[in-house]
Every structure is written in C-alpha cells, then in structure tokens.
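Working through the structure, step by step
The primary structure of each chain is shown beneath.
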Amino acid sequence: TKDQVACSLCELTGGNLGIVVLVNDQANHLYRLHRYIFTVTGTAISNAEVAYWSHDTFTSDPWVQTVGANSYLLVYAKASGSNHYLYKRSSSDFTTWSAESALSIGGLTSTWKLRNPSIIKISSGDLWLWFDVLESTGPGGEELTNIYFSVSSDGGGTWANAVKVTAYDSYG
C-alpha cells in the first residue's frame, strides 16, 4: 500500500499550484517524494517522482516555498546513519529538482533529530526556516523537544546559526 504521509503547496509563477507529497510506499519499503502541478481550476498539468529512499531512514515532512519568480525551495528532514539533517532541493520550474544537499546551520548537534521544517518568506525577502529538534529521549521514552529557526538572506543558499525559541530543559 501507499499512504500519503505529508504534503506542502505553493503558488507557482504564473498562478498555478505546486504540491509536494511524501508517500510511504510500504510494499516497496520506500519513502517517495512526488511533485504535482495543477491549474487554479484544479486541472492536473503534470506529476513526477522527485526522489525516493529507504523506508528505514527517519524522514520528516517536506515543505516547499516560492523564493522568487521561477525559484522554488524544498526542505525536509531525514537521517543519515545516526545523524540527522535538514536537506534542500531547488528548482526553477517545479519540474526538475536539484540533487539533495544538507543545509549547513550552525549551533545544532547532528545527533539531534531535526523534524517538521517549514519556511516563511518575509517582506524583506529573507527566508525563515522553522523546525523542531528532539534533543534527548528520557529513560521512559519521554522526548525533550525545542523549536528553532534559522534565517537565509540569499534564497536558501546559506543559513545563519540556529536560534532556540523555546527553552525546555526537562521532561514532563
């Protein structure tokens, strides 16, 4: 079976709608990242698989953001061995996507589980990347999670050091 795990959407240059969907393909033991383009009236224009990887890899929801005219940024979290990273892909047409690359954000520990990224483009053009971080797990399975953000002033090319928004320091 294939189950939709999460989706994100954005307005494309020209007014169409771009949707990115993370699919759990249980039969093939894979996560699949798909993209779809629809008109404003709901007519499907195109769809394709962007990437896939092993179901054994921790994966968190994707987020897609229009960065500028014909410029889109896709982010998601996933594990690489025992380390966790936020990854990005970029596109100029929402059809072809760049290879996956890890975001370099200072102030984070790679063994922390990064999850649930989302991007907001503010009026200055800066991108604010928000995400939560599982910093530790207690003896009973309790999770110590805090919220962070990082800012990019160059369309997602580079990111400032992470800023911790919440300051939880104990379980409960």
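Let me sum up the structure you'll find in this document. (Residues numbered from 1 in each chain as written. Predicted model: local features only at pLDDT ≥ 70, side-chain atom pairs only at ≥ 80, totals over all residues. Heavy atoms only, no water.)

Let us look at the overall build of the protein. A count of helical and extended segments in the protein gives 0 helices and 12 strands. Element order for the protein, N to C, with α for helix and β for strand: β-β-β-β-β-β-β-β-β-β-β-β. Here the C-alpha atoms of the protein give a radius of gyration of 17 Å, agreeing with the 16 Å that 2.2 N^0.38 yields for 172 residues. Across the 172 residues of the protein, 43% fall into the buried class. Residue pairs in contact within the protein that sit at least 24 positions apart in sequence constitute 39% of those at least 6 positions apart. Total accessible area on the protein stands at roughly 8600 Å², and carbon and sulfur atoms take up 51% of it. Both charge centroids of the protein, one from 10 positive and one from 15 negative side chains, sit 5 Å from each other. (Helix = DSSP H or I, 4+ residues; strand = E, 2+ residues; numbered from the N terminus. Rg over C-alpha atoms; globule rule 2.2 N^0.38 Å. Buried < 20%, exposed > 50% of the residue type's maximum accessible area, 1.4 Å probe, protein only. Contact = heavy atoms within 4.5 Å. Areas by Shrake-Rupley, 256 points an atom, 1.4 Å probe, with all protein chains shown as cover. Lys, Arg positive; Asp, Glu negative; His and termini not counted. Charge placed at Lys NZ, Arg CZ, Asp CG, Glu CD.)

In this section: the environment of alanine 102. With respect to the helices and strands, alanine 102 occurs in strand E8 (residues 101-102). Residue classification places alanine 102 among the partly exposed positions, given a relative accessible area of 42%. Along the chain, alanine 102 and alanine 77 lie 25 residues apart, while their C-alpha atoms are 9.2 Å from each other. With residues up to four places along the chain from it excluded, the contact list for alanine 102 reads Tyr85, Leu86 and Tyr87.

At asparagine 70, a position not held by glycine, the phi torsion is positive, near 55 degrees. With a relative accessible area of 42%, asparagine 70 lands in the partly exposed category. Its identity as a non-glycine residue notwithstanding, asparagine 116 has a phi of 55 degrees, on the positive side. Structurally, asparagine 116 can be placed in strand E9 (residues 113-121).

One open sheet holds the 4 strands; their spatial order is E5-E6-E7-E8, and the pairing between them is antiparallel. Either end of the sheet is taken by a strand with one partner, and the two such strands are strand E5 (63-68) and E8. (Pairing = 2+ DSSP bridges.)

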